[in-house]
Amino acid sequence: MKKKMSIAALTIMAMCTVAPSLAMAENAQGKTSYMGITYQAVSFEAAGYEADMGAITLKYGMSLSDMFGAELRFGFGINDDTIEGVDIEIDHYWGIYLKPKYEADGFQIYGLLGYASAELTASYGGDSVSADEDGLSYGLGFEWFFGNSMSANVEYMEIINDSDFDSPSFNIGLNYYF
């Protein structure tokens, strides 16, 4: 786990220091970077149980070329779920993604492929236990540009998908390009 966190931290640092110096492609509005906020309707599935929760995600992204971008995401839970008396909640999660994209007149279709890590807490009768999960993360999305610097997007994502744990989500968000 520590090795994965170190690799992810080094990747983020490299992206933040090297990527701004690259010749980045502009989107239709002539912008190369964006920040956004997304609401996620998340369904965590493990051991035959399913918890439906909500999360807010903050993201930072940049265009690396006409066909690729990169994103960093950090989210936290805002709605929890109860299964057989056990309260399940998302404490927080983060992800780093490569974003293949196709942009046309006023819209963009894109994919997301990366790595994510999440911390969940289960509480019952005053006791609680937290668990960390991490793994492959991917998704597909559609983005519609409006105004000079704004866009709205809808997505389907698997926040974390491995053999023991699954977390599909449907997302809706807004981005500000600069």
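Whatever comes next refers back to the structure up there.
Because the structure is a prediction, the values reported are computed rather than measured. (Residues numbered from 1 in each chain as written. Predicted model: local features only at pLDDT ≥ 70, side-chain atom pairs only at ≥ 80, totals over all residues. Heavy atoms only, no water.)

## A few points about the packing of aromatic side chains
Then, in step 1: For the structure on display, the rule yields eight aromatic pairs.
Then, in step 2: Clustering of aromatic rings is evident, with ring pairs tying together Tyr34, Phe145 and Tyr177.
Then, in step 3: The ring of Tyr97 carries the charged tip of Arg73 above its face, separated from the ring centre by 5.6 Å.
Then, in step 4: Sitting above the plane of the Tyr110 ring, Lys99 keeps its charged end 4.3 Å from the centroid. (Phe/Tyr/Trp six-rings, centres within 6.5 Å; stacked < 30°, edge-to-face > 60°. Lys NZ or Arg CZ within 6 Å of the ring centre and 35° of its normal.)

## As for the pattern of salt bridges
Opposite charge on two side chains lets them pair, provided their charged atoms get close.
Then, in step 1: Scanning the entire structure with this criterion turns up four salt bridges.
Then, in step 2: For Arg73, the salt bridge is made with Glu71, and the minimal N-O distance between the two is 2.6 Å. In this pair, the class of Arg73 matches that of Glu71, namely buried.
Then, in step 3: Residue Lys99 is joined to Glu71 by a salt bridge in which the shortest nitrogen-to-oxygen separation is 3.5 Å. Here Glu71 lies in strand β3 (residues 68–79) and Lys99 lies in strand β5 (residues 86–104), a separation of 28 residues in the sequence.
Then, in step 4: The buried category is assigned to Lys99, whose relative accessible area is 3%.
Then, in step 5: Residues participating in the shared-partner salt-bridge network are Glu71, Arg73, Lys99, Glu143 and Glu155. (Salt bridge = Lys/Arg side-chain N within 4 Å of Asp/Glu carboxyl O. Buried < 20%, exposed > 50% of the residue type's maximum accessible area, 1.4 Å probe, protein only. Helix = DSSP H or I, 4+ residues; strand = E, 2+ residues; numbered from the N terminus.)

## Details of the pairing of strand β8 (residues 150–161)
Then, in step 1: Sheet topology places strand β7 (residues 127–146) next to β8; nine bridges connect them, and they run antiparallel. Bridge pairing links Phe146 to Met150 in β8.
Then, in step 2: Here β8 pairs with strand β9 (residues 166–177) via ten bridges, running antiparallel. Bridging across to β9, Ala152 finds its partner in Leu174. (Pairing = 2+ DSSP bridges.)

## Comments concerning unusual backbone geometry
Then, in step 1: Although it is not a glycine, Glu84 adopts a positive phi angle of roughly 50°.
Then, in step 2: Inspection of the secondary structure assignment puts Glu84 in the loop between β4 (81–83) and β5.
Then, in step 3: Looking at Glu84, the relative accessible area reads 65%, which means it is exposed.

## Regarding the nonpolar core
Then, in step 1: Formed by 19 residues in total, the largest nonpolar core has its most connected members in Val42, Phe44, Met53, Ile90, Tyr93, Ile159 and Ile160.
Then, in step 2: Broken down by element, the residue count for this core peaks at five residues, all from strand β6 (residues 107–124).
Then, in step 3: What Ile90 contacts, discounting residues up to four positions off in sequence, is Val42, Phe44, Met53, Gly54, Ala55, Phe76, Gly77, Glu119 and Leu120. (Core = buried A, V, L, I, M, F, W, Y, C linked by side-chain atoms within 4.5 Å. Contact = heavy atoms within 4.5 Å.)

## Observations concerning the side chain of Ser137
Then, in step 1: Position of Ser137 relative to the elements: it lies in strand β7.
Then, in step 2: Of note is the side chain of Ser137, whose polar atom sits 3.1 Å from the backbone oxygen of Glu158.
Then, in step 3: In terms of polar contacts, Ser137 uses its side chain to reach the backbone carbonyl oxygen of Ile159, at 2.8 Å. (Polar contact = N/O pair within 3.5 Å; in protein donor to acceptor, adjacent residues only side chain to side chain.)

## As for the environment of Ser128
Then, in step 1: Relative to the assigned elements, Ser128 resides in strand β7.
Then, in step 2: With relative accessibility at 54%, the residue Ser128 sits in the exposed group.
Then, in step 3: Each C-alpha atom of the pair Ser128 and Asp87 lies 9.0 Å from the other, and the pair is 41 residues apart in sequence.
Then, in step 4: Beyond its immediate sequence surroundings of up to four residues, Ser128 is in contact with Thr121, Ala122 and Ser123.

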